[in-house]
Amino acid sequence: MERTFAIIKPDAVERKMAGKILDRIEAAGFTIVGMKKIKLSTAQAEGFYYVHNQRPFFKDLCAFMSRSPVITLVLEKENAIAAWRELMGATNPANAAEGTIRKEFAVNIEENSTHGSDAPETAAFEIAYFFSQLELV
Ligand code: GDP
């Protein structure tokens with residue numbers, strides 16, 4: 001069993017699509033072992049996305065991620081990291097495969113509805129950024 005970290009991003013929460021996305025997650029066989037709705041500050045978004053701080057879209061991305069609440073999740077499944085990234089689809093919804101969450105829900109390359117860890121080390125950092133051990137059940 002592996003754990004990964006996911007976010008339902010502001011664009012999807014604002015459009016009341018969180019329930020549909022959670023349904024997709026559970027239908028794909030993930031167990032939700034942690035979940036909370038929070039409103040990130042700009043500084044908290046910057047800390048989360050620090051690896052992107054040299055990218056041209058960093059400021060816009062952090063403004064987007066802190067403009068309204070998000071739902072943070074820890075998901076468990078065999079090969080959860082790769083499985084969740086496959087279910088999300090490509091970063092840019094224009095390139096996302098049919099049947100993926102980003103194809104169905106994303107607005108554009110930035111407002112792309114969901115986040116997923118890309119490797120075991122990032123999953124460990126991202127889970128610990130938002131959840132304590134006691135909150136994972
Ligand atoms: P991910 O792993 O698929 O989420 O993609 P990345 O790690 O490359 O980028 C992190 C997040 O930054 C993406 O999910 C998007 O919200 C945003 N992003 C990525 N590329 C771009 C871009 O070219 N322009 C803008 N505005 N945002 C981007």
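Being a predicted model, the structure only gives us computed values, none of them experimental.

Here we look at the pattern of salt bridges
Under the counting rule described, the total for this entry stands at seven salt bridges. One salt bridge in this structure joins Glu135 and Lys36, with 3.0 Å as the shortest N-O distance. Here Glu135, found in the segment after helix 7 (120–130), pairs with Lys36, found in strand 2 (residues 31–38); they are 99 residues apart in sequence, far enough to count as distant. Judged by relative accessible area, which is 22%, Lys36 ranks as partly exposed. Among the salt bridges present, the one from Arg67 reaches Glu111, with a minimum N-O distance of 2.9 Å. Taken together, the residues span a long stretch of sequence, with Arg67 in the loop between helix 4 (58–65) and strand 3 (70–77) and Glu111 in the loop between helix 6 (101–105) and strand 4 (114–116) at a distance of 44 residues. Note on Arg67: relative accessible area 38%, which makes it partly exposed. Owing to a relative accessible area of 15%, Glu111 belongs among the buried residues under this scheme.

Parameters at a glance
- Residues numbered from 1 in each chain as written.
- Predicted model: local features only at pLDDT ≥ 70, side-chain atom pairs only at ≥ 80, totals over all residues.
- Heavy atoms only, no water.
- Salt bridge = Lys/Arg side-chain N within 4 Å of Asp/Glu carboxyl O.
- Helix = DSSP H or I, 4+ residues; strand = E, 2+ residues; numbered from the N terminus.
- Buried < 20%, exposed > 50% of the residue type's maximum accessible area, 1.4 Å probe, protein only.

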